[in-house]
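Descriptive analysis of the structure
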Amino acid sequence: MIDVMPKTQPSDETSYDRRRLRQWLDGDARTPGVARRDMLRLFAAAGGAGALGALGAAPAGAAPAAPRAAAGIVKPLPPELFTIRGTNAETNWPALKDTGYLTPADRFFVRNHTATPVLDAAEWSLRVWGDGLRGGGAEFGLDDLKALPSAARSAFVECAGNGRSLFASQQGGTVSGTSWSLGAIGVARWRGARLGDVLRRAGLTRHAVDVMPSGLDDEYVADGINLGHVRRPLPVAKALDDVILAYEMNGEPLPADHGHPVRVLVPSWVGISSIKWVGDVQVSAEPLYSPWNTDFYRLFGTAYPPEGSEPLSRQTLKSAFELPWNATLAAGETHRLTGRSWSGAGGVRAVEVSTDGGVTWRRAKLADAPRADGWVRWSATWRPERPGPADVRARATDVSGRTQPAQTVHNDQGYLFDAVVRHPVTVA
Ligand SMILES: Nc1nc2c(c(=O)[nH]1)N[C@H]1C(S)=C(S)[C@@H](COP(=O)(O)O)O[C@H]1N2
Ligand SMILES: [Mo]
């Protein structure tokens, strides 16, 4: 077992993305047969919740009267642990209190474009193919992957749209997509084979530029248009750096909802990179495109070029309290507020808390050292005196020196919300 994976080559994600953006501008990046107009409409339709406007938007974290079973999720979804949003299940933050560093699988959020397929590990195999390989590619069974040296890493999986509802409830914006509060994240210990080892055994050449894993779940059909299997290209530099083909989550075989028998795990990147139920990996000497790196998972809006930003890669910086939305706290008593903060840019090194509407801030006590790809747990005490409505705020600073801003620049699909969240409470 190797816990720290050596870097195989310096990451050149940025130059890669620039090149890909040029090709996008040249018109090479379209999803075949689907116009951008249609894609944006589809995206709005696909979120399950439709457009989230300033008017009529539910406050973040307010659980609608939801049915207890989300179509297509296998594990139980008790209401104290999850809020169901269409085909997805959001973790309720209070359910993470006292869970320790790792998120137990029974309360880890689920984001499914369609439904969880129940796959037989004995029947499963992974095909690696494409013109970035020499020879005709290769096929790996689960035993083949387990015969390779294993790598393990504690890392978050977080949806790029985590916190999306706050664009509406806190900033008055209108965004499309699943109306997540802050619970589209979990941290697990993932173990598997290095994607790099598999690619090299399959005959990787130096001409390869992109690697595209594809899921075995049903093809994603939105508004009558079939977008194919969920898939998204990765630059080969990232694929060789720290990506795992994971067959274990927290020491157990991967559960069905999280990709059994094997998922891709791309540390620190947006959740869509971590393809579940992976069935094949295309290795290409040309840049690859899918709806998930062209029309989805880029930033669109007035602050961005008409063609959108570069494809999203690393996650941003966020904090959340392990407290119900609109929690009631007794006046004149000392409360221990707890929460977690995380960053895709190498870990969180400081967290401040404000209980007076952002006028004064004090250092939270950190329970963890900064952890790349993970979160830090923290706590702060508060003795509210005056009854009435109030809010609590947490503001993280990561090891790159970035601090959560007061406001996030708007983007139409509501990705990467990183502003300080005003978490409402009632003092009684
Ligand atoms: N095959 C497949 N992989 C997928 C998805 C999917 O719907 N199908 N959803 C993606 C998205 S958008 C996210 S945020 C993560 C969620 O992982 P989880 O359900 O294990 O929490 O899986 C990603 N991988
Ligand atoms: Mo996601």
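Residues numbered from 1 in each chain as written. Chains lettered and ligands numbered in written order. Predicted model: local features only at pLDDT ≥ 70, side-chain atom pairs only at ≥ 80, totals over all residues. Heavy atoms only, no water.

Our focus in this paragraph is the overall build of the protein. In terms of helices and strands, the protein carries 6 helices and 25 strands. In the protein, which comprises 428 residues, the share counted as buried stands at 59%. Look at the contacts in the protein between residues 6 or more apart in sequence, and 74% of them connect residues 24 or more apart. (Helix = DSSP H or I, 4+ residues; strand = E, 2+ residues; numbered from the N terminus. Buried < 20%, exposed > 50% of the residue type's maximum accessible area, 1.4 Å probe, protein only. Contact = heavy atoms within 4.5 Å.)

The next subject is the nonpolar core. Of all hydrophobic cores here, the largest spans 45 residues; its most connected members are Leu126, Val128, Leu145, Val198, Leu199, Leu245 and Val283. Mapped by element, the contributors of at least two residues to this core are strand 4 (125-129), helix 3 (142-147), helix 5 (195-201), helix 6 (236-241), strand 13 (244-249) and strand 16 (278-284). Aside from chain neighbours lying at most four places away, what touches Val283 is Val128, Trp129, Gly130, Asp131, Gly132, Leu133, Leu199, Leu204, Ala208, Asp210 and Val211. Core analysis: the next-biggest nonpolar cluster, separate from the first, contains 19 residues, Val353, Ala380, Trp382 and Ala396 among them. (Core = buried A, V, L, I, M, F, W, Y, C linked by side-chain atoms within 4.5 Å.)

This part is about the site of ligand 1. Taken together, 20 residues lie near ligand 1, and Phe109, Asp217, His258, Arg263 and Lys276 sit nearest. Interatomic distance of 2.8 Å between a side-chain N/O atom of His113 and an oxygen atom of ligand 1. Here an oxygen atom of ligand 1 sits 2.7 Å away from a polar atom, N or O, in the side chain of Arg263. Isolated, ligand 1 exposes 530 Å² of accessible area, and the fraction of that covered by the protein chains is 100%. (Near = heavy atom within 4 Å. Polar contact = N/O pair within 3.5 Å; in protein donor to acceptor, adjacent residues only side chain to side chain. Areas by Shrake-Rupley, 256 points an atom, 1.4 Å probe, with all protein chains shown as cover.)

Our next topic: the sheet that holds strand 20 (residues 348-354). Consider a sheet: its strands pair through backbone hydrogen bonds, and that pairing is either parallel or antiparallel. The mixed open sheet is built from 5 strands, whose spatial order is 18-25-24-20-21. Sheet topology places strand 18 (327-329) and strand 21 (362-363) at the edges, where each strand pairs with a single neighbour. (Pairing = 2+ DSSP bridges.)

Turning our eyes to something else, we now look at unusual backbone geometry. Glycine aside, the phi torsion of most residues is negative, and most peptide linkages are trans. With an omega dihedral of 5 degrees, the bond running from His260 to Pro261 counts as a cis peptide bond. Structurally, the position occupied by Pro261 is in the loop between strand 14 (252-253) and strand 15 (263-265). One non-glycine residue, Asp98, lies in positive phi territory at about 65 degrees. Inspection of the secondary structure assignment puts Asp98 in the loop between strand 3 (88-91) and strand 4.

A separate point is empty space enclosed by the protein. The tally for this structure, following the rule as stated, stands at 4 cavities of 30 Å³ or more. One number sums up the size of the largest cavity: a volume of about 270 Å³. Contributing to the lining of the largest cavity are 21 residues, with Arg111, Arg263, Gly271, Ser274 and Lys276 lying nearest its centre. (1 Å grid on protein atoms, 1.4 Å probe; cavity = no way out; pocket = protein on both sides within 12 Å on 5 of 7 lines; lining within 4 Å. Points joined across faces, edges and corners; volume = space filled by probe spheres on them.)

Pairing is possible between side chains of opposite charge, provided their charged atoms come close. All told, the structure shown has 14 salt bridges when counted by the stated rule. Residues Arg200 and Asp197 are paired through a salt bridge, measuring 3.5 Å at the closest nitrogen-oxygen approach. One end of the pair is Arg200 and the other is Asp197, both in helix 5 and 3 residues apart, which spans about a single turn. Arg200 gets classed as partly exposed once you look at its relative accessible area, which sits at 40%. (Salt bridge = Lys/Arg side-chain N within 4 Å of Asp/Glu carboxyl O.)

Taken as a whole and judged by the stated rule, the model has 11 aromatic pairs. Consider the rings of Phe167 and Phe417, whose centres lie 5.0 Å apart with planes at 85 degrees: the pair is edge-to-face. Of the two residues, Phe167 sits in helix 4 (residues 165-169) while Phe417 sits in the loop between strand 24 (388-398) and strand 25 (423-427), which places them 250 residues apart along the sequence. With respect to class, Phe167 is no different from Phe417; both count as buried. A ring pair is formed by Phe321 and Trp378, whose centres lie 5.1 Å apart and whose planes are at 90 degrees; its orientation type is edge-to-face. Linking Phe321 in strand 17 (residues 317-321) with Trp378 in strand 23 (residues 375-382), this pair joins segments that are 57 residues apart in sequence. Judged by its relative accessible area of 5%, Phe321 is buried. (Phe/Tyr/Trp six-rings, centres within 6.5 Å; stacked < 30°, edge-to-face > 60°.)

Let us now look at the environment of Ser290. Following the sequence through the fold, Ser290 ends up in the loop between strand 16 and strand 17. Given the relative accessible area of 2%, Ser290 is considered buried. At a separation of 2.7 Å, a polar atom in the side chain of Ser290 contacts the main-chain carbonyl oxygen of Arg231.

This part is about the sheet that holds strand 17. One open sheet accounts for 4 strands, arranged 17-19-23-22; its pairing is antiparallel. Each edge of the open sheet is held by one strand with a lone partner, namely strand 17 and strand 22 (365-366). With 2 bridges joining them, strand 22 and strand 23 adopt antiparallel strand pairing. Bridge pairing in strand 23 places Lys365 opposite Ser379.

Judged by how many residues are buried, strand 17 sits mostly within the fold: 5 of 5 residues are covered. Across the two faces of strand 17 the burial is the same, with Leu317, Ser319 and Phe321 and Lys318 and Ala320 all buried. For strand 17 and strand 19 (residues 335-343), the ladder comprises 5 bridges, and the chain directions are antiparallel. Across the sheet, the residue bridging to Ser319 is Ser341, located in strand 19.

Taking burial as the measure, the 11 residues of strand 24 include 8 buried ones, the bulk of the element. Sheet topology places strand 24 next to strand 25; 5 bridges connect them, and they run antiparallel. Residue Asp391 lies in a different strand from strand 25, and its bridge partner there is Pro424.

The subject of this paragraph is the confidence of the model for the protein. Taken residue by residue, the protein gives an average pLDDT of 88. The fraction at 70 or more is 84%. Counting interchain partners and residues more than four positions distant, the pLDDT-below-50 stretch residues 1-67 has 139 contacts. (pLDDT = per-residue confidence, 0-100.)

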